[in-house]
Amino acid sequence: MAKKKNKIRESTIENYYDLKVDKVDELVAALKEEPPADSNDLSMFISDCTGVDSPENYTRTGKKKQFDPYKIDFLGRIPAWIKAFFVKWWFAGAVCYFIMWGLQNYVSDPLDLIVLTGVILGLVVEILVNPLLRYMERGEKEYDNYIMFPFPFKAYWTFFTNVIYYVLVAACVNLCYFGLNELINAASGTQGITGVEPLLFGTFCVIADMVFIGIKDLAVYLVKRSKKEKTPDV
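Since the model is a prediction, treat every value here as computed from it, not as a measurement.

**Thoughts on helix 8 (residues 198–230)**
Moving on, step 1. The first and last C-alpha atoms of helix 8 sit 48 Å apart over 33 residues, in line with the 48 Å expected at 1.5 Å per residue.
Moving on, step 2. The set of residues buried in helix 8 consists of Pro198, Phe201, Gly202, Phe204, Cys205, Val206, Ala208, Asp209, Met210 and Ile213.
Moving on, step 3. In this structure, the buried residues of helix 8 make contact with helix 5 (80–101), helix 6 (110–136) and helix 7 (157–188).
Moving on, step 4. Capping of helix 8 at its N-terminal end is provided by Glu197; its side-chain oxygen lies 2.9 Å from the backbone amide nitrogen of Leu199.

This is the structure we're talking about:
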């Protein structure tokens, strides 16, 4: 009985990979058939496709709107780098508004406030910013150049590395404020910027973030280039 079962399995496996010639002939015959005579009469108007005639199916001039499945929306025309910078800048400013402004009366130590801001910023980037950038991409991974750790969501270790990394970014932002104040003081003799506000904080955060990302991308490029030069050509 075991031999018969093995023979049946082998025969089914062999037959599984056989070319279905009759199916191929049916497909070729179907492709050779002439299209129906009324195929040119197909309408691309939205009202004709949906069967519902509503004011939304007409333009302001009264013309019917045509259905275009390949139409690119307004956001799709904006370059990826502008959208990435804006998303990073907006969320960084929001963290400054809710954390640095909201908790400055409760956290008296400036160093503790900087660390707390960096931790919250890392969590926001991991939970909101990076998934939003992944959602906007078109399958070309065009936003990987604007993410410090462009790994899949299953790489849970990025959760902790982003927190540590953005604490460093927050510290660099604090140094940017200090350097700008010193520059204003040296140029005009005034005190400079007295406090932190979301717009400039978000700008400094994006600049510091992209500097670190650029250094990382350059290091990765140099390592790949050195490995490629060491491998012999076949």
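**A closer look at the pattern of salt bridges**
Opposite charge on two side chains permits them to pair, given that their charged atoms come into close proximity.
Moving on, step 1. This structure, assessed with the given rule, holds five salt bridges.
Moving on, step 2. Lys216 is the salt-bridge partner of Asp217, the closest N and O atoms lying 3.0 Å from each other.
Moving on, step 3. With relative accessibility at 29%, the residue Asp217 sits in the partly exposed group.
Moving on, step 4. One salt bridge in this structure joins Glu229 and Arg225, with 3.5 Å as the shortest N-O distance. Placement of both Glu229 and Arg225 in helix 8 is noted, with a separation of four residues, approximately one turn of the helix.
Moving on, step 5. Look at Glu229 and you get exposed, because its relative accessible area is 58%.

Definitions and cut-offs
- Residues numbered from 1 in each chain as written.
- Predicted model: local features only at pLDDT ≥ 70, side-chain atom pairs only at ≥ 80, totals over all residues.
- Heavy atoms only, no water.
- Helix = DSSP H or I, 4+ residues; strand = E, 2+ residues; numbered from the N terminus.
- Expected span 1.5 Å × (residues − 1).
- Buried < 20%, exposed > 50% of the residue type's maximum accessible area, 1.4 Å probe, protein only.
- Contact = heavy atoms within 4.5 Å.
- Polar contact = N/O pair within 3.5 Å; in protein donor to acceptor, adjacent residues only side chain to side chain.
- Salt bridge = Lys/Arg side-chain N within 4 Å of Asp/Glu carboxyl O.

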